[in-house]
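# Structural description and commentary
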Amino acid sequence: MDLNDRARGSGSRNPRGGGTGNTIKGPHSALTDYLQEIGVSRHFRERRRAETAAAAAAAAAQGQAQAQGQEQQPAVTLEQQPTASRGGEGADSADAALARDLQDEENEEAELADSGVGSSRMTTRHASRQHTVVAAAPVAAVVTTEILEDTGKGKRAAKGKGAAKGKKKKKDSDSEADSDENSDEADQRAGLNRSSARKGGRMKQCEVCDKRFLLRGEHEESERLLCPNCRRSIDRSQNEAAAVSKRAHAVTSSTAAPKRRRLKKTADGLLELEAGLPSLQDLCVRAIAKHVDQVESFGDISVQSLNKLCRIICKMRVLDEHTLGLFLGADRTSVVLYDCTRLTKDALARIVEMSPSVQTLALEYCGRLDAGVLDAFGVGLGQLARVQLEGAFLVDDKAWARFFRVAGPRLRSFQVRFSGFGPGAMRALITHCQGLEELRVSECTDFNDDCLGMLAAPLTETEEALQEPERLLRDSQSGGVAPWRPLSHLKSLDLGHPHLAMSSSTAMRVIRALGSQLWVLDLSGFKDIDDDFLLLGLAPHSQHLQELSLAECNSISAEALTRFFAQGAGTTMGRGLTRLSLNRCYLLTDAVMHAVVRHSCCSLRSLDLNSVDDNLSEKGLLAFAGHVLPAEEDEVVAASVVKGCPYLEEVDLSWVRCTSDSVMEKVLEACGRLEQVKVYGCPEVTIFAPARPGLSYVGRACDTL
């Protein structure tokens, strides 16, 4: 029996193998599987070989010591020597370890052969195994020689063994270096390096070139397994094919694709200019806005440029108490600040000192404005006529009442948004601001149905009691209580998006009291107003109405809207509307669109149809182009010829998914002044949509891809 036969025989004692061959394998840990998968198990085998060699050397030294104390015995061959006489238990364990190592080598080679590992790595492992067998054979020979020879010969044999062992170590070292070089070359050809294992990943085989490569990250089952080289080659071929197809489509298409209008945003994020040479004024404005902290005064600058500078600086959030003085002055009659977030109440109070002649005051995001600053505005700004405050949530009803008592008689426009503004403030406004022409109370948390009812004549004792304190205070000198008086000069009323519910009956009373004098009416978010309000309240009392917003008024039916515009064409609103918002009126139909176009075709300039996608089709949109529904579908709409909207300048068709390139082509033919079309969420409006100078599409998906 030779050494190979013994190795195969000892494989049955392998606790991991469990029999001859590699038919059954024991369990492996996740780390072992991972190291075998990426091919880094060579280092573990080398360490095992070193441990086996050390154990064999120790056994040889022990056998040499025993041989020196025994008599000379006849020579016994390796095959005839019993197991107990060949180095004892140490030699037997060394042989068993060597056999297990050989068995593991064969198992690994079989696994790598099944998985498609290159021949270079297998050749390297065969070389390592051969060196191991050759290095292990002299161990048994040394033991036999030491038994046969005497002490002196044993010493010479030991010396020769050491020299042979040194030569063998050198040879093994050279072979291992060559093996490392071959392994590194194979890894480099596979696209790996020494740090690949540390970075993590999984070894996969390319479906095209059958090469192994390291895959990191997630991989979907639907995707092909491609190495980096094959993936780049396939992507390059697909891009070339797509480019050829695109050129062919552009040549054969009847509608030539217009060039995209390249927009360039400045650093401030506000000015959107067409790519090209900017004007000298724009360059100066950008330079000043960028270095505003080094500017002492703007000097002689136009109101338009000053307003543009203020917008940019507020957008950059650099408007503070140091830069505020650039926009104030004794000669300023208008102060408009778009972001007062960084202005303290002391900085806001400086407006009274530095600009006492202000007539128009507009402050947005003025969350630090309190009752003391508002009192200073009322007393110190003697010419104040227009006030716009957004975000003044620190001001309560008592402060509003004091302000209206002082500044109310000279106010012509009052706009408040994102504030409290409850019944006390509304009562003071109705009493002291009789000269108001424009009133906006939008998105105020304390504005309720009682506040809305104060705009109309009181009907109950409760409503009279709400207004009684201010009426008594106003007429305390005369000793009498003046009757309720409406805001007879009011022309614009904006009560949009209230936080609390507004009843349809109260809204109808307000319209009957003020509707005949209104030019602008915004009731957005009045979700409780119904068909009776529209037909019995607004329709008879809207002779001068030009701008109307009924956004999110979902309780009004499509039939009522159709009748409302049909009645207005013959009796009221005879001049037509210039601005109309039906945003999120989900019940809107094609018949309503035809009634709108017939009523306001010669005056309509702005139209908002955002998200009215449920019941609106292309037939309704084509009403802007002059198309008429058949008579059998809607007799009221088809009673006369629709003319289109030649003066329409801007339209919002966002999320109206029936909007397409063909629809826009017909609409643009009839709407010669159309400048802006909002098409957010309209996938059918593509780059091939009709274009002309001065027309811009906002929100088109192909412009952002």
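Structure: see above.
Presented here is a report on the structure given in the accompanying data block.

What counts, and at which threshold
Residues numbered from 1 in each chain as written. Predicted model: local features only at pLDDT ≥ 70, side-chain atom pairs only at ≥ 80, totals over all residues. Heavy atoms only, no water. Buried < 20%, exposed > 50% of the residue type's maximum accessible area, 1.4 Å probe, protein only. Helix = DSSP H or I, 4+ residues; strand = E, 2+ residues; numbered from the N terminus. Polar contact = N/O pair within 3.5 Å; in protein donor to acceptor, adjacent residues only side chain to side chain. Core = buried A, V, L, I, M, F, W, Y, C linked by side-chain atoms within 4.5 Å. Contact = heavy atoms within 4.5 Å. Expected span 1.5 Å × (residues − 1). Phe/Tyr/Trp six-rings, centres within 6.5 Å; stacked < 30°, edge-to-face > 60°. Salt bridge = Lys/Arg side-chain N within 4 Å of Asp/Glu carboxyl O. Pairing = 2+ DSSP bridges. Axes fitted to C-alpha atoms, helices over the stretch in contact; angles between N-to-C directions. Parallel < 35°, antiparallel > 145°, perpendicular 65-115°, else oblique. Left-handed = near helix turned anticlockwise from the far one by under 90°. Nonpolar A, V, L, I, M, F, W, Y, C, P; charged D, E, K, R; others polar.

### Quick notes on helix α18 (residues 531–538)
Residues of α18 that are buried include every one of F533, L534, L535, G537 and L538, and no others. In this structure D530 caps α18, since a side-chain oxygen of it lies 3.4 Å from the backbone nitrogen of D532.

### Observations regarding unusual backbone geometry
Of note in the backbone geometry, H497 takes a positive phi value of approximately 55° without being a glycine. Position of H497 among the secondary structure elements: in the loop between β10 (492–494) and α17 (504–514). Classification of H497 by relative accessible area gives partly exposed; the value is 33%. Positioned with a positive phi, R584 is a non-glycine residue whose angle comes to about 60°.

### Some details on the nonpolar core
Across soluble globular proteins, nonpolar side chains show a tendency to be buried alongside one another. L337, L363, L369, F421, L439 and L455 are the most contacted members of the largest nonpolar core, which has 133 residues in total. Residues in contact with F421, not counting those within four places in the same chain, are D397, W400, F404, F414, V416, M426, L429, V441, C444, D446 and F447.

### Let's talk about helix α10 (residues 303–315)
Given 3.6 residues per helical turn, the α-helix brings residues three or four places apart onto the same face. Taking 1.5 Å per residue, 13 residues should reach 18 Å; α10 reaches 18 Å between its end C-alpha atoms and fits that length. Residues S305, L306, L309, C310, I312, I313 and C314 constitute the buried set of α10. Its buried side turned inward, α10 meets α9 (280–290) and β5 (334–337). Immediately beyond the C-terminal end of α10, within one or two residues, lies R317, with a positive phi of roughly 60°.

### Topic: the side chain of S549
Tracing the chain through its elements places S549 in strand β12 (residues 547–549). There is a polar contact of 3.3 Å between the side chain of S549 and the side chain of D522. A polar side-chain atom of S549 sits 2.7 Å from a polar atom in the side chain of S524. Look past the residues within four positions of S549 in its chain and what remains in contact with it is L521, D522, L523, S524 and S581.

### What to know about the packing of aromatic side chains
Taken as a whole and assessed by the stated rule, the structure comprises nine aromatic pairs. The interplanar angle of 65° and the centroid separation of 5.6 Å between the aromatic rings of W400 and F421 together place this pair among those described as edge-to-face. Placement of the pair is W400 in helix α13 (residues 397–407) and F421 in the loop between β8 (413–417) and α14 (423–432), with a sequence separation of 21 residues. Accessibility classification places W400 together with F421 in one group, the buried group. Members of the aromatic cluster, joined through ring pairs, are W400, F403, F404, F414 and F421.

### Digging into the pattern of salt bridges
Under the criterion given, the structure shown has ten salt bridges. A salt bridge links D370 to K345; the shortest N-O distance between them is 3.8 Å. With a gap of 25 residues between them, D370 in the loop between β6 (360–364) and α12 (371–380) and K345 in helix α11 (residues 345–354) connect regions that are remote in the sequence. Between R657 and D613 there is a salt bridge, with the nearest N and O atoms lying 3.3 Å from each other. Placement of R657 in the loop between β15 (650–652) and α22 (661–670) and of D613 in the loop between β14 (606–608) and α21 (618–621) is noted, with a sequence separation of 44 residues between them.

### Examining the pairing of strand β2 (residues 212–215)
Side chains of β2 alternate between two faces, with R212 and L214 and F213 and L215 buried alike. Taken together, the four bridges between strand β1 (residues 202–205) and β2 define a ladder with antiparallel strand orientation. Bridge pairing in β2 places R202 opposite L215. Remark: six residues form the turn of the hairpin made by β1 and β2, two consecutive strands paired antiparallel; D210 in that turn has positive phi of roughly 60°.

### Remarks on the packing of α9 against α10
Packed helix pairs are specified by the crossing angle of their axes together with the interaxial distance, meaning the distance between the axes. The interhelical angle for the contact between α9 and α10, taken along N-to-C directions, is 40°, at an axis separation of 10 Å. With respect to each other, α9 and α10 are oriented oblique. For the element pair α9 and α10, the recorded crossing hand is right-handed. Contacts from Q281, D282, V285, I288 and A289 of α9 reach α10 at S305, K308, L309 and I312. A class-by-class count of the residues in the contact of α9 with α10 yields five nonpolar, two polar and two charged.

### Side note on the environment of L500
On the secondary structure map, L500 appears in the loop between β10 and α17. Measuring from C-alpha to C-alpha, the distance between L500 and C444 comes to 8.9 Å, with 56 residues separating the pair along the chain. Residues contacting L500, with those up to four places away along its chain left out, are T445, F447 and N448.

### Observations regarding the environment of D661
By secondary structure assignment, the location of D661 is in helix α22. A C-alpha to C-alpha distance of 4.7 Å links D661 and A689, two positions 28 residues apart in sequence. In this structure the side chain of D661 is engaged in a polar contact, spanning 2.5 Å, whose partner is the side chain of T686.

### Comments concerning the packing of α11 against α12
α12 packs onto α11 with a crossing angle of 5° between their chain directions and a minimal axis gap of 9 Å. One element, α11, and the other, α12, form an angle in the roughly parallel class. Contact residues: α11 offers K345, L348, A349, I351 and V352, while α12 offers V373, A376, F377 and G380. Class assignment for the residues of the contact of α11 with α12 results in seven nonpolar, one polar and one charged.

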